[in-house]
Amino acid sequence: LVMTVVGLDLTRADLARVASRPALLAAGLLGPLVLLPPLALLVLSAVPMPAEIGAGLLLLAVCPVGGISNVYNWLARAATALSVTLTALSSVAAVVTMPLLTRGLEAALGRPLGYRAPLGALAAQVLGMLVLPVAFGMALRARAPRFAARHSRAFARLAFGGLALLLGFVLWREWDRFVTNLAPTALASALFVLLAMAAGGAAAKLAGADRNERFTLAVEFATRNCAIAAAVAITFLGDTRFAVFATTYFFTEAALVAAAIAAFRFRAAARP
């Protein structure tokens, strides 16, 4: 549902406009793949946490960009088209990048992470949850633009309502574990969000981005797809414990990014 909303905001013109900025596009797509797994390992070494919570952190670090990043950037009045494009392309690439990054983390740690991301199963999941909904959203906008414009907000409310139900299910199943590990999990989430935002801003600056684009890449780096992480944990692994970190991360990410949006809008309003 979230990715259908992404598709409703994506046009060929958006792709063409972003394609004219290859350095910025490369920074937004490749930067998280290179920088986020090492940052997750850094947080894992700095914050003591149970093994399944740490595995949840690493699972989230290899996930694609979360669709809610588009909402964050729209609220901030930043580079929304860039956000939508990076989210869609990151999600499509996840078929390949998630298994590869998982194997890379296992090699770095010298041990299994406690979960697997089989290429065949993940490809089917990403096709059903990401690629087809994005294509459907784009086709709906192209063929019925008035309908898409009239109902896009309803689609968005339905999508994020579904995400809230998924996270609520995890909380219901793992409430005791969630409360017990809330302090280290929230700390690890906050550290990862802040480090990821700093990495995204730095990557954008190196790519010659303007102020809006730097904010967008900072948000794109920090916003991981918690729904995909939870879905992998629940459907592939059959274990909600791995989704506990994604649930806490979502709430922590939302709070920190909301503060960043307020600061960004305030500074924009203060400019002459």
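Residues numbered from 1 in each chain as written. Predicted model: local features only at pLDDT ≥ 70, side-chain atom pairs only at ≥ 80, totals over all residues. Heavy atoms only, no water.

### Some points on the overall build of the protein
So, step 1. On a plain count of helices and strands, the protein comes out with 13 helices and 0 strands.
So, step 2. For the protein, the N- to C-terminal ordering of α and β elements is α-α-α-α-α-α-α-α-α-α-α-α-α.
So, step 3. A compact globule built from 272 residues should have a C-alpha radius of gyration of about 19 Å, and the protein, at 18 Å, falls within 12% of that.
So, step 4. With the principal axes as the frame, the protein shows a C-alpha extent of 45 × 40 × 30 Å.
So, step 5. Within the protein, the fraction of its 272 residues that count as buried is 51%.
So, step 6. Taking all contacts inside the protein whose residues are at least 6 apart in sequence as the whole, residues at least 24 apart take part in 83%. (Helix = DSSP H or I, 4+ residues; strand = E, 2+ residues; numbered from the N terminus. Rg over C-alpha atoms; globule rule 2.2 N^0.38 Å. Buried < 20%, exposed > 50% of the residue type's maximum accessible area, 1.4 Å probe, protein only. Contact = heavy atoms within 4.5 Å.)

### Concerning helix α3 (residues 22-46)
Every α-helix winds through 3.6 residues per turn, so residues three or four apart in the chain are directed the same way.
So, step 1. Here α3 spans 35 Å end to end across 25 residues, near enough to the 36 Å set by a 1.5 Å rise per residue.
So, step 2. Taking the largest bend as the criterion, α3 deviates by roughly 40°, centred on G31, and proline P32 comes between one and four positions later.
So, step 3. Those residues of α3 not exposed but buried are L24, L25, A27, G28, G31, P32, L36, P37, L39, A40, V43 and L44.
So, step 4. Buried residues along α3 sit in contact with α2 (12-19), α4 (51-61), α6 (80-109), α10 (182-206) and α11 (211-222). (Expected span 1.5 Å × (residues − 1). Bend = angle between axes of the 7 residues up to and from the residue.)

### Notes on the packing of aromatic side chains
So, step 1. The final tally for this structure, using the stated rule, is 3 aromatic pairs.
So, step 2. Taking NZ or CZ as reference, R211 lies 4.1 Å from the ring centre of F264, over its face. (Phe/Tyr/Trp six-rings, centres within 6.5 Å; stacked < 30°, edge-to-face > 60°. Lys NZ or Arg CZ within 6 Å of the ring centre and 35° of its normal.)

### Structural notes on the pattern of salt bridges
So, step 1. A complete count under the given rule lists 1 salt bridge for this structure.
So, step 2. The salt bridge partner of R21 is E213, with a shortest N-O separation of 2.7 Å. Placement of R21 in the loop between α2 and α3 and of E213 in helix α11 is noted, with a sequence separation of 192 residues between them.
So, step 3. Exposure remark for E213: the relative accessible area of 11% places this residue in the buried category. (Salt bridge = Lys/Arg side-chain N within 4 Å of Asp/Glu carboxyl O.)

### Structural notes on unusual backbone geometry
So, step 1. Here the phi dihedral of R77 falls at roughly 60°; this positive angle occurs in a residue that is not glycine.
So, step 2. Looking at the element boundaries, R77 is found in the loop between α5 (68-76) and α6.

### Description of the environment of G31
So, step 1. Relative to the helices and strands, G31 resides in helix α3.
So, step 2. Sequence-distant contacts of G31, defined by excluding residues within four places in its chain, comprise A26, L36 and F221.

### Notes on the packing of α5 against α11
So, step 1. The contact between α5 and α11 brings their axes to 10 Å, and the two run at 150°. In this view, α5 runs roughly antiparallel relative to α11, as classed from their interaxial angle. Seen along the crossing, α5 lies across α11 with a hand that is right-handed. Taking contact as the criterion, the partners of S69, N70, Y72, N73 and A76 in α5 are, on α11, F215, T216, V219 and E220.
So, step 2. Here the contact of α5 with α11 is built from residues that sort into 4 nonpolar, 4 polar and 1 charged. (Axes fitted to C-alpha atoms, helices over the stretch in contact; angles between N-to-C directions. Parallel < 35°, antiparallel > 145°, perpendicular 65-115°, else oblique. Left-handed = near helix turned anticlockwise from the far one by under 90°. Nonpolar A, V, L, I, M, F, W, Y, C, P; charged D, E, K, R; others polar.)

### Remarks on the nonpolar core
So, step 1. In terms of nonpolar packing, the biggest core is built from 63 residues, with L57, M98, F192, F215, L217 and Y249 touching the most fellow members.
So, step 2. Listed in part, the 14 residues of the second largest apolar core include L10, A88, F155 and A156. (Core = buried A, V, L, I, M, F, W, Y, C linked by side-chain atoms within 4.5 Å.)

### Some words on the state of the cysteines
So, step 1. Under the defined criterion, the tally for this structure stands at 0 disulfides.
So, step 2. Cysteine C63 shares no disulfide, and the gap to the nearest cysteine sulfur, in C226, comes to 8.0 Å.
So, step 3. The exposure class of C63 is buried, given its relative accessible area of 3%.
So, step 4. Note on C226: relative accessible area 3%, which makes it buried. (Disulfide = S-S within 2.5 Å.)

### Re the packing of α2 against α6
Axes are the key here: two packed helices are described by the angle between their axes and the distance separating the axes.
So, step 1. In the contact formed by α2 and α6, the axes pass within 9 Å of each other and the chain directions differ by 95°. When the axis of α2 is compared with that of α6, the two are roughly perpendicular. Between α2 and α6, the residues in contact are D14, L15, R17 and V18 and A81, L82 and T85, respectively.
So, step 2. Residues belonging to the contact of α2 with α6 are distributed by class as follows: 4 nonpolar, 1 polar and 2 charged.

### What about the confidence of the model for the protein?
So, step 1. Here the protein averages 83 in pLDDT, while 90% of its residues score no lower than 70.
So, step 2. Predicted confidence in the protein is weakest over helix α12 (residues 226-236), with a mean pLDDT of 73, and strongest over α11, with 96. (pLDDT = per-residue confidence, 0-100.)

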